[in-house]
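Reading the structure
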Amino acid sequence: MKTSKFSESQIVGILREQESGVKVAEICRQHGISQATFYKWRSRYGGMDASMLKRVKELEQENARLKKMYADVQLEAHAMKEALTKKW
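The following paragraphs examine the structure supplied in this document. Per chain, residues are indexed from 1 in the order of the written sequence. Since the coordinates come from a predicted model, pLDDT governs what is reported: local features require at least 70, and pairs of side-chain atoms require 80 or more to be given and counted, while whole-chain, interface and lining totals use all residues. Computation of side-chain values: all heavy atoms of the structure, hydrogens and water removed.

Nonpolar cores were defined as sets of buried Ala, Val, Leu, Ile, Met, Phe, Trp, Tyr and Cys residues, with membership established by side-chain atoms within 4.5 Å. Each residue's exposure class comes from its accessible area (1.4 Å probe, protein chains only) as a fraction of the maximum for that residue type: buried when under 20%, exposed when over 50%, partly exposed otherwise. With 14 residues, the main nonpolar core has Phe38, Trp41 and Tyr45 as its most contacted residues. Looking at this core, the elements with two or more residues in it are helix H1 (8-19), helix H2 (24-31) and helix H3 (35-45). Any two residues whose heavy atoms approach within 4.5 Å at even a single point are treated as in contact. Discounting residues that sit within four places of it in the chain, Tyr45 has contacts with Glu8, Ile11, Val12, Leu15 and Leu53. What counts as a helix is a DSSP run of H or I of at least four residues, what counts as a strand is a run of E of at least two, and both are numbered from the N terminus.

Structure (structure tokens):
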């Protein structure tokens with residue numbers, strides 16, 4: 001997936017411009033983005049501020065860590081189950 005040339009805090013700043021009354025077409029022209037990109041950002045980051053973005057990022061990292069832990073435990077359980085069935 002292609003990474004954005006804008007950071008999440010910059011995206012929130014761009015969205016704030018629209019909330020202050022600037023037209024979407026003008027914002028897109030100023031920042032060199034398409035209107036589709038703007039609306040995709042708005043659906044994802046709309047209504048967020050910097051602290052919320054930080055919290056979302058932390059939750060995503062924790063979720064990834066927990067998924068990895070779960071996968072490891074499942075792999076171990078599967079290996080133990082196979083070992084027990086082969087013994088008998």
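What follows deals with the pattern of salt bridges. Counted as salt bridges are all cases of a side-chain nitrogen of Lys or Arg within 4 Å of a carboxyl oxygen of Asp or Glu. This model, assessed by the stated rule, comprises five salt bridges. Two residues, Arg29 and Glu26, come together in a salt bridge whose shortest N-O distance is 2.6 Å. You can see Arg29 and its partner Glu26 sitting in helix H2, three residues apart, about one turn around the helix. When its relative accessible area of 60% is taken as the criterion, Arg29 is described as exposed.

Along the chain, Gln35 falls in helix H3. Given a relative accessible area of 40%, Gln35 falls into the partly exposed group. Measuring from C-alpha to C-alpha, the distance between Gln35 and Lys86 comes to 60 Å, with 51 residues separating the pair along the chain.

Once that is clear, we can look at H2. Think of an α-helix as turning once every 3.6 residues; residues three or four places apart then point the same way. Among the residues making up H2, those that are buried are Val24, Ile27 and Cys28. The buried residues of H2 occupy one face: seen down the axis, they fall within an arc of 100°. Where H2 is buried, its residues meet H1 and H3. Gly32, located one to two residues past H2, shows a positive phi value of around 70°. Summarising the geometry, the arc corresponds to the directions from the helix axis toward the C-beta atoms.

Attention now goes to the packing of aromatic side chains. Stacked, tilted and edge-to-face are the three classes applied to pairs of Phe, Tyr and Trp rings, where Trp contributes its six-membered ring and a pair requires centres within 6.5 Å; stacked means planes under 30 degrees apart, edge-to-face means over 60, and tilted covers the rest. Counted according to the given criterion, the structure contains two aromatic pairs. For the pair Phe6 and Trp41, a centre-to-centre distance of 5.4 Å together with 80° between the ring planes defines the contact as edge-to-face. In this pair, Phe6 is assigned in the segment before H1 and Trp41 in helix H3, connecting sequence segments 35 residues apart. Here Phe6 falls in the buried class, since its relative accessible area comes to 17%. Plain terms: the ring middles of Phe38 and Tyr39 are 5.4 Å apart, the flat faces sit at 85° to each other, and that makes the pair edge-to-face.

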